[in-house]
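Chain by chain, the residues run as shown.
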Amino acid sequence: MSVKKVYMETFGCQMNVSDSERVATLLETKGFQMTTSEVGADVVLLNTCSVREKAEHKLYTRIGQIRKSSADNFNNSPNSKKPVIGILGCVAQLEGETLFKRDQGIDFVLGTRAVGRVSEAIEKFFDGQKNLVDLGEREFGYDWTVADSQRQFPFVAFVPIIEGCNKFCTYCIVPFSRGREKSLAASDIIRNVLKLRHEGIREVHLIGQNVNSYRPQFDSGLEKFTGATAFSRLLRAVAATGIERIKFTTSFPRDFHTDIVSAIDEHENLCNWVHLPVQSGSNTILRAMRRGHTIESYMSRVDKIKASPRNISLTTDIIVGFPNETEQDFVETLKMVEYCQFTSAYIFKYSPRQGTPAFEMSDNVSAKEKSVRFLELEKAVKNNQQKVFQNYLNKTVKVLVEKNSNKNMAQISGHTTCQTVVNFEGSSELLGKIVNVEILEAKANTLYGKIC
Ligand code: 5AD
Ligand code: SF4
């Protein structure tokens, strides 16, 4: 029997990217071959995102395109077959078997914690089982390892430390698609990071919906490390592995203990970057979102972060047009952006998600007004970014070289310790190395410089 080829596409957050890396690793160990094109694939997997309506719509568009390209391929070469289409991830978890009714092209559905059983699902399909749905929990002994060849970025590894979310912000579908918070054992995380270090990984990202809500069942692995919270102890434990760079995302403002800043101050390998989603600058809106923080409590954390001698860069997420957001609420968001001096911010237009409490509220900020606020906020964020970037001009930063630049073949590209992209001239031989770069120019979201 010929080797079955699997093509996979991933939408959404880092947790999905990380799940896909493990799915690909698993499939290759089971004898499947991962391919980079849907043309000629026996199986197409779509790892989906449901955080906004647009992301969900993309899925149905993609299924249509895949079906069309396989039909075109069939006309050119009648021996080719229609690929099996499997839906994984958040939309799969939320929609379950209703997906088969929504789109006839779908063959099986695996929820967010069922991805470890993907090879069984494919095999069952080929054995004749139709419309398989698995929305179950991770199996006992689930393997979290990723093969080097399946890493999205060869020198950077994503290491999940906590899954799910208990926060139930009123607009957000994630607690429903990803389930309750579940922390991984610290001893396993540390063992994994040590292994990655020995394999030549330069940078790890500890990932989770809310990493700083980390609360493992047992202390094992953390015994020797002090800290005000389990997360800050974990940071110190991971720092002690000696891996060159450690980043972590996403942090939840209410649970952001300032001991995290102390840990960064103590350990050079804990990078100087914090992603702390604020969502709004208005206390009225924050209350309606049930975020659990006020703008004052957020800013006091920002003050602590900015007071660090490490020059920690701060990034955030902001939603515009939440139900009942007034012009005044929005002005408060603009003021907050001015105060916080974010290096960058992801801005989203509010998108009602069925099943969330905010879905019951009237989506009463018009699409036009959402666009106006989006653009105005984007301008404010860009202006602030340029102010932050001016501080880098003529200074030297350390960059992990990750790839050839997308825009200019003579250039290579990587990230600073504070997670800003830097492009500069250099050869592919530098891939995977950490080099000193003098910053000469700042453009939107990117710094430019020369090796020194
Ligand atoms: N509408 C718009 N943005 C949303 N986000 C989460 N849910 C929604 C929604 N319903 C944004 C938040 C979150 C980021 C990952 O996505 O800003 O931090
Ligand atoms: Fe969604 Fe809030 Fe949980 Fe973040 S903290 S995943 S915004 S519910």
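Residues numbered from 1 in each chain as written. Chains lettered and ligands numbered in written order. Predicted model: local features only at pLDDT ≥ 70, side-chain atom pairs only at ≥ 80, totals over all residues. Heavy atoms only, no water.

For the chain, the helix and strand inventory stands at 13 helices and 19 strands. The globule rule puts the C-alpha radius of gyration for 452 residues at 22 Å, and the 23 Å found for the chain is close to it. Counting only C-alpha atoms, the chain reaches 65 × 55 × 50 Å along its principal axes. A burial count over the chain gives 54% of its 452 residues as buried. When the accessible surface of the chain is summed, it comes to about 20,300 Å², and 52% of that surface belongs to carbon and sulfur atoms. Averaging the positions of the 58 positive and the 52 negative side-chain charges in the chain gives two centres separated by 1 Å. (Helix = DSSP H or I, 4+ residues; strand = E, 2+ residues; numbered from the N terminus. Rg over C-alpha atoms; globule rule 2.2 N^0.38 Å. Buried < 20%, exposed > 50% of the residue type's maximum accessible area, 1.4 Å probe, protein only. Areas by Shrake-Rupley, 256 points an atom, 1.4 Å probe, with all protein chains shown as cover. Lys, Arg positive; Asp, Glu negative; His and termini not counted. Charge placed at Lys NZ, Arg CZ, Asp CG, Glu CD.)

Next up on the list: the pairing of strand β13 (residues 313-320). Burial analysis of β13 places eight of its eight residues in the buried class, which makes it a mostly covered element. Two strands pair when backbone bridges link them, and strand β12 (residues 273-275) and β13 are joined in this way by three bridges, in the parallel orientation. If you follow His275 over to β13, its bridge partner there is Thr315. Pairing analysis gives six bridges linking β13 to strand β14 (residues 344-349), with the strands arranged parallel. Paired with Thr315 across the bridge in β14 is Ser344. Each parallel crossover has a hand, and the one from β13 via helix α12 (residues 327-340) to β14 is right-handed. (Pairing = 2+ DSSP bridges. Right-handed = clockwise from strand over helix to strand, strands pointing away.)

Turning to the layout of surface pockets, a few remarks are in order. The computed volume of the second largest pocket comes to approximately 820 Å³. Around the second largest pocket, the lining comprises 26 residues; the ones closest to its centre are Tyr142, Trp144, Leu184, Ala185 and Asp188. For the lining of the second largest pocket, the secondary structure elements donating two or more residues are β7 (156-160), β9 (182-183) and α7 (186-198). Counting residues per element, the lining of the second largest pocket draws most heavily on α7, at five residues. (1 Å grid on protein atoms, 1.4 Å probe; cavity = no way out; pocket = protein on both sides within 12 Å on 5 of 7 lines; lining within 4 Å. Points joined across faces, edges and corners; volume = space filled by probe spheres on them.)

So, about the site of ligand 2. Around ligand 2, a shell composed of Cys165, Lys167, Phe168, Cys169, Tyr171, Cys172, Val174, Pro175, Gln209, Asn210, Phe252 and Arg291 is seen. A class-by-class count of the residues in the shell around ligand 2 yields eight nonpolar, two polar and two charged. (Near = heavy atom within 4 Å. Nonpolar A, V, L, I, M, F, W, Y, C, P; charged D, E, K, R; others polar.)

Under the defined criterion, the tally for this structure stands at one cavity of 30 Å³ or more. By volume, the largest cavity amounts to about 80 Å³. Lining the largest cavity are 13 residues, and of these Trp144, Val146, Arg151, Asn192 and Leu196 sit closest to its centre. Mapped by element, the contributors of at least two residues to the lining of the largest cavity are β7 and α7. With four residues, β7 is the single largest residue contributor to the lining of the largest cavity. A per-class count over the lining of the largest cavity returns seven nonpolar, two polar and four charged.

A separate point is the site of ligand 1. Lining the immediate surroundings of ligand 1 are Val51, Arg52, Tyr171, Gln279, Asp317, Ile319, Phe348, Lys349, Tyr350, Ser351 and Arg353. At a separation of 3.0 Å, a nitrogen atom of ligand 1 approaches a polar backbone atom of Tyr171. Ser351 is positioned such that a nitrogen or oxygen atom in its backbone is 2.8 Å from a nitrogen atom of ligand 1. In the complex, the protein chains occlude 86% of the 410 Å² of accessible area that ligand 1 would expose alone. Secondary-structure elements contributing two or more residues to the shell around ligand 1 are β13 and β14. Split by residue class, the shell around ligand 1 holds five nonpolar, two polar and four charged. (Polar contact = N/O pair within 3.5 Å; in protein donor to acceptor, adjacent residues only side chain to side chain.)

Attention now moves to the sheet that holds strand β17 (residues 421-425). Hydrogen bonding along the main chain pairs the strands of a sheet, whether they run parallel or antiparallel. As summarised here, the arrangement of the five strands in space is β15-β16-β17-β19-β18, forming a closed barrel in which the pairing is mixed. Taking the axes of each pair of neighbouring strands and ignoring which way they run, one obtains an average angle of 55° across the sheet. Pairing analysis gives four bridges linking β17 to strand β19 (residues 446-451), with the strands arranged parallel. Each bridged residue has a counterpart across the sheet, and for Phe424 the counterpart in β19 is Gly449. Against the sheet, helix α13 (residues 367-390) engages β18 (434-443) and β19, with an angle of about 130° to β18. (Axes fitted to C-alpha atoms, helices over the stretch in contact; angles between N-to-C directions. Contact = heavy atoms within 4.5 Å.)

Turning next to the pairing of strand β15 (residues 396-404). Sheet topology places β15 next to β18; five bridges connect them, and they run antiparallel. Considered in β18, the bridge of Val397 is made with Val437. In terms of strand pairing, β15 meets strand β16 (residues 411-415) through four bridges, oriented antiparallel. Its bridge partner being in β16, Val401 is matched across the sheet by Gly414.

To continue, consider the packing of aromatic side chains. Enumeration according to the criterion identifies eight aromatic pairs in this entry. A ring pair is formed by Phe125 and Phe126, whose centres lie 5.7 Å apart and whose planes are at 80°; its orientation type is edge-to-face. Residue Phe126 is classed as partly exposed on the basis of its relative accessible area, which comes to 40%. The side chain of Lys167 reaches across the aromatic face of Phe252, ending 5.1 Å from its centre. Across the ring face of Phe374, the terminal group of Lys349 is positioned such that the distance to the ring centre comes to 5.6 Å. (Phe/Tyr/Trp six-rings, centres within 6.5 Å; stacked < 30°, edge-to-face > 60°. Lys NZ or Arg CZ within 6 Å of the ring centre and 35° of its normal.)

Remember that the coordinates give geometry; whether it matters functionally is a separate question.
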